[in-house]
Amino acid sequence: MGEIPLAKNILNSLYTYNNPKLERELFGLKFKNPIGLAAGFDKDARLIDELACLGFGFIEIGTLTPKPQTGNDKPRLFRLPEDEALINRMGFNNEGVLASVERLKKRKSTIIVGGNMGKNKTTPNDKAVDDYNYCFETLYPYVDYFVVNVSSPNTPGLRALQEKEPLRNLMLHVKRLSAQKNKPKPILLKIAPDLTQSQLDDIIEILLSTKTDGVIATNTTISREHLSASVETISNIGDGGLSGRPLGKKSTEVISYLRSKLGKNYPIIGAGGIMSPEDAIEKIDAGANLIQVYTGFIYEGPALARRICKRFISRH
Ligand SMILES: Cc1cc2nc3c(=O)[nH]c(=O)nc-3n(C[C@H](O)[C@H](O)[C@H](O)COP(=O)(O)O)c2cc1C
């Protein structure tokens, strides 16, 4: 379908909503609108040209790792329809960063693409910097911004990289790589919703002192609060990150806190439980400059970005 220009035109006319009032400029990039597709949906950059017709202002690929890896055993993705939620323990299944680069070389759409980077499961944390280094260098010519992902709950030990010293080293390293380029590109950090206030304070200090260009709040949660599914259903599913409606309030709280501490100009991308235009407005009002959806896109379908765009315009 992606090969047929007519099909793309039809998709565009059905799902895209253009209006200069939706445009945003953040960390030096010009976004056609503030609604993005969050990481994990198009991990291997297979669908950028098709997804670009569905009204998004930007698409984040990944999480990519240096080497291909199969991820966790199936089943690893579970629906909780009564909660409009998902639980996943995919475990960074991806074909490796080089496979994505080959596809990015062929993409036709000019939509802004972010490259979300992680480490291989077999890479110990004290070597993690090497994995992010490799992903950055490999992806550099082909994406518009980068995300350091240290917040997935499905790679054992990964979230320990959110601790103060490992995180400072990692962000300094990736920022330095970017600064060495003729045209440095924005480096963002994606954080978990499960941090304590003092962990968040440490992260805020690191974002500012390393001149990290922005923050994505948040990834999925390991909490199982605010669910109507039975305890038995939840325990049968087991480990994984919870996304969708039950995550919304928590991620909004994290965004509000970040905004209050980071000042009014620091770039924040809000994600977590945006299922409707009203949820999107809540994230913007909490302080997000841009937003991303994943679970809402699954439950609400391809018109979600357009519906949010229209609501943003009617609000003004
Ligand atoms: C199936 C699935 C896979 C995901 N994979 C990734 C990933 O590879 N990297 C990442 O940073 N976030 C990943 N996420 C998290 C989303 O990007 C997003 O931060 C989170 O789901 C909260 O948004 P939502 O409530 O709109 O889904 C994944 C989420 C889901 C549901």
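Residues numbered from 1 in each chain as written. Predicted model: local features only at pLDDT ≥ 70, side-chain atom pairs only at ≥ 80, totals over all residues. Heavy atoms only, no water.

Peer 1: Even after reading the chapter, I still don't get the pattern of salt bridges, so can you show me in this structure?
Peer 2: Pairs can form between side chains of opposite charge once their charged atoms are near each other. For the coordinates displayed, the defined rule picks out 15 salt bridges. Between Arg-46 and Glu-95 there is a salt bridge, with its nearest N and O atoms 2.7 Å apart. Pair noted here: Arg-46 is in the loop between β3 (35–37) and α2 (48–51) and Glu-95 is in the loop between β6 (85–88) and α3 (97–106), with a separation of 49 residues, a long-range link. Residue class for Arg-46 comes out partly exposed when judged on its relative accessible area of 47%. You can call Glu-95 partly exposed: its relative accessible area is 33%. Ionic pairing is found between Asp-202 and Lys-164, a salt bridge with its closest N-O pair at 3.7 Å. Note that Asp-202 is positioned in helix α6 (residues 197–209) and Lys-164 in helix α5 (residues 164–179), a separation of 38 residues in sequence. Of the residues examined, Asp-202 reaches a relative accessible area of 25% and is grouped as partly exposed. (Salt bridge = Lys/Arg side-chain N within 4 Å of Asp/Glu carboxyl O. Helix = DSSP H or I, 4+ residues; strand = E, 2+ residues; numbered from the N terminus. Buried < 20%, exposed > 50% of the residue type's maximum accessible area, 1.4 Å probe, protein only.)

Peer 1: Where do I start with helix α11 (residues 304–315) in this structure?
Peer 2: Helical geometry note: an α-helix holds 3.6 residues per turn, so side chains three or four residues apart project in the same direction. Spanning twelve residues, α11 covers 17 Å between terminal C-alpha atoms, matching the ideal 16 Å at 1.5 Å per step. Within the span of α11, buried status applies to Leu-304, Ala-305, Ile-308, Cys-309, Phe-312 and Ile-313. Structurally, α11 contributes buried residues whose contacts are with β3, α9 (277–286), β13 (290–293) and α10 (295–300). (Expected span 1.5 Å × (residues − 1). Contact = heavy atoms within 4.5 Å.)

Peer 1: Looking at this structure, I do not really get the site of the ligand. What am I missing?
Peer 2: Near the ligand you find 23 residues, and of these Ala-39, Thr-63, Gly-244, Gly-273 and Thr-295 are the closest. Take Thr-63: an N or O atom from its side chain is 2.7 Å from a nitrogen atom of the ligand. Surface burial for the ligand is 97%, taken as the share of its 610 Å² of free accessible area covered by protein chains. In this structure the site holding the ligand corresponds to the largest pocket. Grouping the amino acids of the shell around the ligand by side-chain chemistry returns seven nonpolar, 14 polar and two charged. (Near = heavy atom within 4 Å. Polar contact = N/O pair within 3.5 Å; in protein donor to acceptor, adjacent residues only side chain to side chain. Areas by Shrake-Rupley, 256 points an atom, 1.4 Å probe, with all protein chains shown as cover. 1 Å grid on protein atoms, 1.4 Å probe; cavity = no way out; pocket = protein on both sides within 12 Å on 5 of 7 lines; lining within 4 Å. Sits in = over half its atoms within 2 Å of the grid points. Nonpolar A, V, L, I, M, F, W, Y, C, P; charged D, E, K, R; others polar.)

Peer 1: For this particular structure, what's the right way to read the sheet that holds strand β5 (residues 77–80)?
Peer 2: One open sheet accounts for three strands, arranged β5-β6-β11; its pairing is antiparallel. For this open sheet the edge positions go to β5 and β11 (241–244), each flanked by a neighbour on one side alone. The sheet shows a mean angle of 25° between the axes of neighbouring strands, direction not considered. When β6 meets β11, the two strands line up antiparallel, connected through four bridges. (Pairing = 2+ DSSP bridges. Axes fitted to C-alpha atoms, helices over the stretch in contact; angles between N-to-C directions.)

Peer 1: It is not clear to me how unusual backbone geometry should be interpreted in this structure. Could you clarify?
Peer 2: Both trends apply: most residues other than glycine have a negative phi, and most peptide bonds are in trans. A cis amide bond, omega 10°, links Gly-62 with the succeeding residue Thr-63. Counting through the fold element by element, Thr-63 comes out in strand β4 (residues 58–64). Following Lys-74, the chain continues to Pro-75 via a peptide bond in cis, the omega torsion being 0°. Looking at where Pro-75 falls in the secondary structure, it is placed in the loop between β4 and β5.

Peer 1: Mind showing me how you'd approach the packing of aromatic side chains here?
Peer 2: For any two aromatic rings, the description comes down to two numbers: the centre-to-centre distance and the angle of the planes. Under the defined criterion, the tally for this structure stands at ten aromatic pairs. Centre to centre, the rings of Phe-31 and Phe-58 are 5.1 Å apart; their planes meet at 80°, and the pair counts as edge-to-face. A residue pair is termed long-range when its members are at least 10 positions apart, and Phe-31 in strand β2 (residues 29–31) and Phe-58 in strand β4 qualify at 27 residues. Accessibility expressed as a relative area gives 1% for Phe-31, which makes it buried. Ring centres of Phe-58 and Tyr-145 lie 6.3 Å apart, and the angle between their planes is 65°; this geometry places the pair in the edge-to-face category. With Phe-58 in strand β4 and Tyr-145 in strand β8 (residues 145–149), this residue pair connects regions lying 87 residues apart in the sequence. Residue classification places Phe-58 among the buried residues on the basis of a relative accessible area of 0%. Given the relative accessible area of 0%, Tyr-145 is considered buried. Members of the aromatic cluster, connected to one another through ring pairs, are Phe-27, Phe-31, Phe-58 and Tyr-145. (Phe/Tyr/Trp six-rings, centres within 6.5 Å; stacked < 30°, edge-to-face > 60°.)

Peer 1: It is not clear to me how α6 should be interpreted in this structure. Could you clarify?
Peer 2: Taking 1.5 Å of rise per residue, 13 residues should cover 18 Å, and α6 covers 18 Å from first to last C-alpha, within 8% of that figure. By the burial criterion, the buried members of α6 are Leu-200, Ile-203, Ile-204, Ile-206 and Leu-207. Viewed along the axis of α6, the buried residues span an arc of 165°, placing them on a single side of the element. Residues of α6 that are buried sit in contact with α5, β9 (187–191), β10 (214–217) and α8 (248–262). Looking one or two residues past α6, Lys-211 carries a phi angle of roughly 55°, positive in sign. (Arc of directions from axis to C-beta.)

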